[in-house]
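Per-entry structural report
Chain by chain, the residues run as shown.
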Amino acid sequence: MGKGFFNVPVAVNEPVKSYAPGTPERDAVLEAYQTMYNSTVDVPLYIGGKNITTGNTRTMSPPHNHQHVVGTYHLAEQKHIDDAIITALEARKTWSNIPWEQRAGIFLKAAELIAGPYRTKINAATMIAQSKTIHQAEIDAACELIDFLRFNVQFMADIYMEQPESTSDAWNRVEYRPLEGFTYAVTPFNFTAIAGNLPACMALMGNVVVWKPSDSQVYSAKVIMDVFEEAGVPPGVINVVFGDPVMITNTVLASPDFSGLHFTGSTFVFKELWKQIGNNIHNYKTYPKIVGETGGKDFIIAHKSANPKQVATAISRGAFEFQGQKCSAASRAYIPKSIWNDVKNFVIEDVKSFKMGSPEDMTNFITAVIHEGSFDKLAKYIDQAKSDTDVEVLIGGNYDKSKGYFIAPTVLVTTNPKYSTMCTELFGPVITIYVYEDDTYAETLKLVDETSEYALTGAILAKDRYAITQATEALQNSAGNFYINDKPTGAVVGQQPFGGARASGTNDKAGSAQNLLRWVSPRLIKETFVTPADYRYPFLGE
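For the protein, an unreviewed UniProt entry supplies the name L-glutamate gamma-semialdehyde dehydrogenase and the organism Hyunsoonleella pacifica. What the UniProt record of the protein gives under Sequence similarities (unreviewed entry) is the line "Belongs to the aldehyde dehydrogenase family." According to the UniProt record, the Catalytic activity (unreviewed entry) comment for the protein is "L-glutamate 5-semialdehyde + NAD(+) + H2O = L-glutamate + NADH + 2 H(+)".

**A word on the sheet that holds strand 12 (residues 298-302)**
One open sheet accounts for seven strands, arranged 14-17-18-13-12-20-21; its pairing is mixed. Two strands bound the open sheet, and with one partner strand each, they are strand 14 (391-395) and strand 21 (481-484). For this sheet, the mean inter-axis angle between neighbouring strands, taken without regard to orientation, is 20°. Two elements, strand 12 and strand 13 (residues 330-336), share four bridges in a ladder whose sense is parallel. From the neighbouring strand, D298 faces strand 13, where its bridge partner is A330. Relative to the sheet, helix 15 (residues 465-474) contacts strand 20 (457-461) and strand 21, its axis offset from that of strand 21 by approximately 170°.

**Some thoughts on the domain arrangement of the protein**
How big an interface is tends to be stated in terms of accessible area lost as the parts join. Each assigned domain of the protein is listed here: domain 1 (41-294 + 505-525) and domain 2 (298-484). For domain 1 versus domain 2, the separation of C-alpha centres amounts to 32 Å. Listed by partner, the interface residues are 21 residues for domain 1 and 28 residues for domain 2. Both faces considered, domain 1 and domain 2 share a buried interface measuring about 2,000 Å² in area, 63% of it formed by carbon and sulfur atoms.

**Looking at the UniProt feature "domain: Aldehyde dehydrogenase" (unreviewed entry) in the protein**
According to UniProt, the feature "domain: Aldehyde dehydrogenase" (unreviewed entry) maps to residues 63-514 in the numbering used here. A distance of 35 Å separates the end C-alpha atoms of residues 63-514, which is 43% helix and 18% strand.

**A short note on helix 15**
Buried residues of helix 15: A467, I468 and A471, and no others. For helix 15, the angular spread of the buried residues around the axis is 100°, confining them to a single face. Away from its buried face, by an angle of more than 90 degrees, helix 15 presents the exposed residues R465, Y466 and E473. Close packing links the buried residues of helix 15 with helix 14 (441-451), strand 20 and strand 21. N-capping of helix 15 is provided by D464, with a side-chain oxygen placed 2.8 Å from the backbone N of Y466.

**Considering the side chain of E138**
When you line up the elements, E138 lands in helix 5 (residues 134-161). Its relative accessible area of 0% is what places E138 among the buried residues. A distance of 3.0 Å separates the side chain of E138 from the backbone nitrogen of K17, its partner in a polar contact. In this structure the side chain of E138 is engaged in a polar contact, spanning 2.7 Å, whose partner is the side chain of R119.

**A closer look at unusual backbone geometry**
Positive phi, normally seen in glycine, also occurs at Q323, with a value near 55°. On the secondary structure map, Q323 appears in the loop between helix 10 (308-320) and strand 13.

**Section: the packing of aromatic side chains**
Geometrically, a pair of aromatic rings is defined through the distance of the ring centres and the angle of the planes. Evaluated as defined, the whole model comprises 18 aromatic pairs. Between Y73 and F242 the ring centres are 5.8 Å apart and the planes differ by 75°, which places this aromatic pair in the edge-to-face class. With Y73 in strand 5 (residues 71-74) and F242 in the loop between strand 9 (238-240) and helix 8 (245-253), this pair connects stretches of sequence that are 169 residues apart. According to the relative accessible area criterion, Y73 is buried, its value standing at 3%. Each residue in the set W100, Y160 and Y176 is aromatic and connected to the rest through ring pairs, giving one cluster. The ring centre of F191 lies 4.1 Å from the NZ or CZ of K132, which sits over that ring. For the cation-ring pair, K132 lies above F322, with the distance from its terminal atom to the ring centre recorded as 4.5 Å.

**Quick notes on the packing of helix 4 (residues 119-130) against helix 5**
Orientation of helix 4 relative to helix 5, taken along the N-to-C sense of each, is 130°, at an axis distance of 9 Å. The orientation of helix 4 relative to helix 5 falls into the category oblique. Pair helix 4 / helix 5 crosses with right-handed handedness. Facing R119, I122, N123, T126 and M127 of helix 4, the residues of helix 5 in contact are I134, A137, E138, D140, A141, A142, C143, L145 and I146. Counted by class, the contact of helix 4 with helix 5 contains nine nonpolar, two polar and three charged residues.

**Observations concerning empty space enclosed by the protein**
If you walk through the whole model with that rule in mind, you get two cavities of 30 Å³ or more. What the largest cavity holds in volume is close to 80 Å³. Around the largest cavity, the lining is made up of 15 residues, and of these G324, K326, A329, S331 and F427 lie nearest the centre. The class makeup of the residues in the lining of the largest cavity is seven nonpolar, four polar and four charged. Taken as a whole, the second largest cavity encloses approximately 40 Å³ of empty space. Considering each element in turn, the lining of the second largest cavity owes the most residues, three residues, to helix 7 (residues 218-231). Of the residues in the lining of the second largest cavity, the class split is eight nonpolar, one polar and one charged.

Cut-offs and rules
Residues numbered from 1 in each chain as written. Predicted model: local features only at pLDDT ≥ 70, side-chain atom pairs only at ≥ 80, totals over all residues. Heavy atoms only, no water. UniProt positions renumbered as here; feature names shortened; annotations may be inferred. Pairing = 2+ DSSP bridges. Helix = DSSP H or I, 4+ residues; strand = E, 2+ residues; numbered from the N terminus. Axes fitted to C-alpha atoms, helices over the stretch in contact; angles between N-to-C directions. Contact = heavy atoms within 4.5 Å. Domains from an automatic or database assignment. Buried area = accessible area lost by both parts, 1.4 Å probe. Buried < 20%, exposed > 50% of the residue type's maximum accessible area, 1.4 Å probe, protein only. Arc of directions from axis to C-beta. Polar contact = N/O pair within 3.5 Å; in protein donor to acceptor, adjacent residues only side chain to side chain. Phe/Tyr/Trp six-rings, centres within 6.5 Å; stacked < 30°, edge-to-face > 60°. Lys NZ or Arg CZ within 6 Å of the ring centre and 35° of its normal. Parallel < 35°, antiparallel > 145°, perpendicular 65-115°, else oblique. Left-handed = near helix turned anticlockwise from the far one by under 90°. Nonpolar A, V, L, I, M, F, W, Y, C, P; charged D, E, K, R; others polar. 1 Å grid on protein atoms, 1.4 Å probe; cavity = no way out; pocket = protein on both sides within 12 Å on 5 of 7 lines; lining within 4 Å. Points joined across faces, edges and corners; volume = space filled by probe spheres on them.

Okay, structure coming up:
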């Protein structure tokens, strides 16, 4: 029962720590890294508040040292997925009715746990299992996840306060009910924050969740669940399962109580899930909500008025941070001929200065790609580029998986604007550049729009405001997040809501109230004060 209108703490973005030499946070995270790297962890399923071990396990190894084992995780059988669904539905009976401020308190506490006692642990886990540098781990696993948790609470309060007009005759009010049934979260390896946010934002709005993390992100997912448990998320509200994704998904989507999918991953998989949900539509008690953020073939276009050094920096950071394994990473660029020579020299200088290796050595800017499958795919495209006549390897092109899955940052330059690596999402440290004639700017904008099936992020670099306006209009459907004079990565919760359309997803903007609105089913209640007692209207008079 509500006993007041409660104001939540005003959400603020978590400051990013520097981890510069000599800082206490640098020493703390290195100590945590070494302790965790040199020990092993056993990660169970988490169903109904209980740790479930199956005995059927797989090992976890750092991508930068794939022979080293840091732990094991347990694989679910179908009965475990059935149990997770049953447990979630049972938990819903109480969780969906708990006062909203109690849910808010849990996830605000989770944010502060990550900001404080769990910060070094979640960052170290992300460095080890996902091969992120400390900077990339800090802005993701710590700061962005903290921001998601804080801002989602504020967005929830704002949503609840949005009410219809009433009159002296009737009081109209809307309650934002959780979805009927249970929801399914499928999360990727590349962002610990996304992995935590997808189940958490649905649970915050009163839903119950079956969560399947990526096999390559289990280590930091375990830390997330430890945080949620300590913060007070009740048993059964968020259930975590690992294993065969086809079996898990088939079991979840076969349930008549399935009510929502929150997905981040590949475009192909998302389309297959959408089709499967459609094929099952007659079995469901309600129309499931489907939210997905998928692939990208993100672009940088420079105008002849752009500063060449700024363009080169946008390429170096946008394409190569976290080895290009961001759905927002720059993987194609269009540079005017008049500034190309300067841009080229600056990019070569940058790439030559990169150090590559384990994230434990904090002088490394580049670490390993996530697994052997990713390595082999990238090596294949690099080898093809070496043999093709319409593309050259400007710098990079080397790779080595003897110890870790290391792909050297690679810049390709093509004379064919529709060359395969201009169109295909590679998800690695490879960018392809097309040099265009200065007087074909308008035609090149059209080329940018038509080359890729994706529409996630993109950037224009220019001093000429007319050129910026022209690009902003021409590329309005080419990117859900469009950056002017910046790299196309680095969206901040509460500042740049993130998502794209076309083959990049449903554009429901994680980090905004728009996303949370997908996880409620509003009910309008009209209360009439003086109830009519005669059916006759005045127009019926003789």
